[in-house]
Structures are given as C-alpha cells and as structure tokens.
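Below are the chains, spelled out letter by letter.
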Amino acid sequence: MIDSLMLSVARITTIAGTQVLTNASGFFFARDERLFLVTSRHVLIDEPTGHHPDSLEIEVHTDSTNMASSTGFSIPLYRNGGSLWRQGLDSAGEIDVAAIEIERPALPTAIAYHAFRPEHLVQPQEHIEIGAQLLVVGFPLGFHDSLHHMPVVRHAILASSFGLRFQGLGYFLTDARTHRGTSGSPVVMRTSNPATGQQSLPWRLLGIHSSRVDLGSRDLLLDEALGLNCTWYADILMTLTEH
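Because the structure is predicted, anything quoted here is derived from the model rather than measured.

S.K.: Quick rundown of the overall build of the chain? Include the residues and the values.
M.R.: In terms of helices and strands, the chain carries 2 helices and 15 strands. For 243 residues, the compact-globule estimate of 2.2 N^0.38 gives 18 Å, and the C-alpha radius of gyration of the chain, at 17 Å, lies within 12% of that figure. Projecting the C-alpha coordinates of the chain onto the three principal axes gives extents of approximately 50 × 45 × 35 Å. Counting every position in the chain, which comprises 243 residues, the buried fraction comes to 48%. For the chain, the exposed area adds up to about 12,200 Å²; of that, 52% sits on carbon and sulfur atoms. Between the centroid of the 16 positive side chains of the chain and the centroid of its 25 negative side chains there is a distance of 2 Å.

Rendered as structure tokens:
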C-alpha cells in the first residue's frame, strides 16, 4: 500500500523556452471541481535572482498499480502576456505562495494522485501544540525515488506558536533540515480521526514550506545556521482558489 500523502506531491521543473532552470516541490489542492498546483511564489518568479520561467513541468503517475509508470505534464505560466498563477498579498506584503489551476481535460486519462481539499485545513478553533511533530514532503535538491517517482519526507517540529503571525508576517516556523528544492512542499500533521472528506488523505495541511530563516548578524565562522524554516499558513489557499 502506498501512503496517499506520497501521491499528493509533485516534483516541479521550471523551464524558460527550452532551458531547464530549477527544481522545486508542489502539491495538489482541489476545491469544488477545480484542481490547483500549489508551490512557493518564488518558484514561478523571483525578481532578485532574475528567475523568470515561462512554464513548469510536473511528473504525474499514470498507473495506480505500477508506481514506476509516469509522464511529464507541462503547465504554461503565461497566456496573452498575462500570468496564469494566483499569488497572495496582505497588509504586511507579499505572501510566498502561489496556486495555478490545472486544466483537468488536459491531464492524462489515467492519472493516480491525491489532492488536499478545504477540509484538510486547520480550523480556527483547533489547537496545534508547540513542538508538534510535522512532516515536510518534497524533493530536496531534486532528490527522490527516481524509479517510482516518489518524494522524500523530512521530520519537523512546530517551532513557533501556531496561529500567530511570526514577526507579524503570515507564516510560522518549523525546526527541520531542509534544502533547495523543498520550496513549495506541504507541511502536514497526521490526523488520527479523519473527518468526512479526509479518509483517503488522513493528513492536516498546516502550511507551505518557503525557505530557511537565518540571522543577518550571524557570524558565519562562529555560529551555526539556525536550522529554522519559514512556512506560510495554508489557509491562504482559500483566498487563492476563489473564483
């Protein structure tokens, strides 16, 4: 049996023309009849580094009984000069999360995947304990099971109070070892008693991993990196996936 969580995440390759640029992580999010790919916004465009892909390619499984069977699926980022993704903004500035709708009819006829839904998001009345055990599911440095096309999982713990905007921004902190390529990974927690709509994917979606957090004042010779990460709250997806 393959854990459904492993089929909710997709390896992303960013492309400009015919040139492969970077690797990243993303995951599927469904709302009503629509399906989205969610990742970090800086995967799609990053002005400081001059990162400007014009399309993405994700790897999707095409046979639920044979995980070695997969194909690439291309997603354009622009149409008629306009960007196709949706990104968030709040009073504190840009949110490093983006969602791009996938045209379902264009998908392979046989596709094996699982998608998070609004029911997987943490509700305001729920308490997530500090130090809670979390997972970050993705493709660090592009590394993965290249035969079965599966992501890898890293342990994390909740390192700041869940529900508070750390430093006034729309993210919380995790303590986990992460690398480039993990951007856009879902940060999840196991659900012991899945509610209606969660049985096939019994995980809580807490956030979207963005980047490592460091101190500009850190002595690079004397002080180790903090080992902390910025994870944007997943409830932004309700705004990004509205009609």
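S.K.: Describe the pairing of strand β10 (residues 133-138), with residues and values.
M.R.: Counting buried positions over the 6 residues of β10 gives 5, a clear majority of the element. Both β10 and strand β11 (residues 152-158) contribute to a ladder of 6 bridges, which runs antiparallel. Each residue of the ladder has a partner; that of V137, found in β11, is V153. Judged from the 2 bridges that link them, β10 and strand β13 (residues 186-190) form a sheet pairing that is antiparallel. Paired with V136 across the two strands is V187, which belongs to β13.

S.K.: Summarise the pattern of salt bridges; cite the residues concerned and give the values.
M.R.: For the structure shown, the criterion picks out 7 salt bridges. Across the salt bridge formed by E59 and R11, the nearest N and O atoms sit 3.3 Å from each other. Of this pair, E59 sits in strand β4 (residues 55-61) while R11 sits in strand β1 (residues 9-16); the two residues are 48 residues apart in sequence, bridging distant segments of the chain.

S.K.: Describe the nonpolar core, listing the residues and the values that go with them.
M.R.: With 27 residues, the main nonpolar core has V97, F116 and L205 as its most contacted residues. At the level of secondary structure, the elements contributing two or more residues to this core comprise β2 (19-31), β3 (34-39), β9 (93-102), β10, β12 (171-175), β14 (203-213), β15 (228-233) and α2 (236-240). Residues within four places of V97 in sequence aside, it is in contact with V38, T39, S40, R41, R86, Q87, G88, I208, W232, I236, L237 and L240. I12, L44, I58 and V60 belong to the second largest nonpolar core, which has 22 residues in total.

S.K.: Describe in detail the packing of aromatic side chains, supporting the description with residues and values.
M.R.: Enumeration according to the criterion identifies 8 aromatic pairs in this entry. When the centroid spacing of 5.7 Å and the interplanar angle of 85° are considered together, the rings of F27 and F116 count as edge-to-face. Of the two residues, F27 is situated in strand β2 and F116 in the loop between β9 and β10; the sequence distance between them amounts to 89 residues. A relative accessible area of 0% places F116 in the buried class. Aromatic ring contacts, followed pair by pair, group F162, F172 and Y233 into a single cluster.

S.K.: I'd like a rundown of the environment of T49, residues and numbers included.
M.R.: If you trace the backbone, T49 turns up in the loop between α1 (41-44) and β4. Among the polar contacts made by the side chain of T49, one reaches the side chain of D46 at a distance of 2.7 Å.

Reading the values: rules and limits
- Residues numbered from 1 in each chain as written.
- Predicted model: local features only at pLDDT ≥ 70, side-chain atom pairs only at ≥ 80, totals over all residues.
- Heavy atoms only, no water.
- Helix = DSSP H or I, 4+ residues; strand = E, 2+ residues; numbered from the N terminus.
- Rg over C-alpha atoms; globule rule 2.2 N^0.38 Å.
- Buried < 20%, exposed > 50% of the residue type's maximum accessible area, 1.4 Å probe, protein only.
- Areas by Shrake-Rupley, 256 points an atom, 1.4 Å probe, with all protein chains shown as cover.
- Lys, Arg positive; Asp, Glu negative; His and termini not counted.
- Charge placed at Lys NZ, Arg CZ, Asp CG, Glu CD.
- Pairing = 2+ DSSP bridges.
- Salt bridge = Lys/Arg side-chain N within 4 Å of Asp/Glu carboxyl O.
- Core = buried A, V, L, I, M, F, W, Y, C linked by side-chain atoms within 4.5 Å.
- Contact = heavy atoms within 4.5 Å.
- Phe/Tyr/Trp six-rings, centres within 6.5 Å; stacked < 30°, edge-to-face > 60°.
- Polar contact = N/O pair within 3.5 Å; in protein donor to acceptor, adjacent residues only side chain to side chain.

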